[in-house]
Amino acid sequence: MMSNDQKLNDQLLGDHNDFAEELRDQAAIRIQNYQNAAAKYYNRNVRERRFNVGDLVLREVYSNTEEKNAGKLGARWEGPYLISKVLHPGVYLLMTMKLKEVENPWNAAHLKRYYY
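All values reported here derive from a predicted model rather than from experimental measurement.

Undergrad: Would you mind going over the packing of aromatic side chains with me for this structure?
TA: For any two aromatic rings, the description comes down to two numbers: the centre-to-centre distance and the angle of the planes. Taken as a whole and judged by the stated rule, the model has two aromatic pairs. Seen from their ring centres, Phe51 and Tyr92 are 5.5 Å apart, and the 75° between their planes marks the pair as edge-to-face. Here Phe51 is found in the loop between helix 1 (4-45) and strand 1 (56-60), whereas its partner Tyr92 is found in strand 3 (residues 91-95), with 41 residues between them in sequence. The class for Tyr92 is buried, based on a relative accessible area of 1%. Judged by centre distance (6.2 Å) and plane angle (25°), the ring pair of Tyr114 and Tyr116 falls under stacked. Under the relative-accessibility criterion, Tyr114 is labelled partly exposed at 29%.

Structure (structure tokens):
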């Protein structure tokens, strides 16, 4: 048979477990609110880049396309290139100024408008 102390202990333990569930739910709500606020702030400051066919752009230089021995003073952008086709919003096929197609499509995040 259980003593009064054991019954009280079991009841307090059950109450504590219920309270822990409530705390978890409150924490999940706070996390969701924070993530929503962070996404709203980020999306407010994002500037979408859209290009049209025929626009001139520069593309970002990567390790496989950079000049040898250029070091940290090497060019960050190369080009200009011509937008030859829009595959999806934000994904573009490029063409050199000599009208030679660049083999891989490029994301708008790695392009910037060329002003001459």
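Undergrad: Explanation requested: the sheet that holds strand 3 in the structure shown.
TA: Through backbone hydrogen bonds, the strands of a sheet pair up, either in parallel or in antiparallel fashion. Pairing is antiparallel in the open sheet, where five strands are placed in the order 4-3-2-1-5. Strands with a single pairing partner mark the edges of an open sheet, and in this sheet they are strand 4 (106-107) and strand 5 (111-113).

Undergrad: What should I look at first to understand the pairing of strand 1 in this one?
TA: Within a regular strand, side chains alternate between the sheet's two faces. Burial runs high along strand 1: four of the five residues are buried. As defined by bridge partners, strand 1 adjoins strand 2 (residues 77-88) across four bridges and the pair is classed as antiparallel. Across the sheet, the residue bridging to Arg59 is Glu78, located in strand 2. In the sheet, strand 1 pairs with strand 5 via three bridges, with the strands oriented antiparallel. Bridge assignment links Leu58 to a residue of strand 5, and that residue is Lys112.

Conventions adopted
- Residues numbered from 1 in each chain as written.
- Predicted model: local features only at pLDDT ≥ 70, side-chain atom pairs only at ≥ 80, totals over all residues.
- Heavy atoms only, no water.
- Phe/Tyr/Trp six-rings, centres within 6.5 Å; stacked < 30°, edge-to-face > 60°.
- Helix = DSSP H or I, 4+ residues; strand = E, 2+ residues; numbered from the N terminus.
- Buried < 20%, exposed > 50% of the residue type's maximum accessible area, 1.4 Å probe, protein only.
- Pairing = 2+ DSSP bridges.

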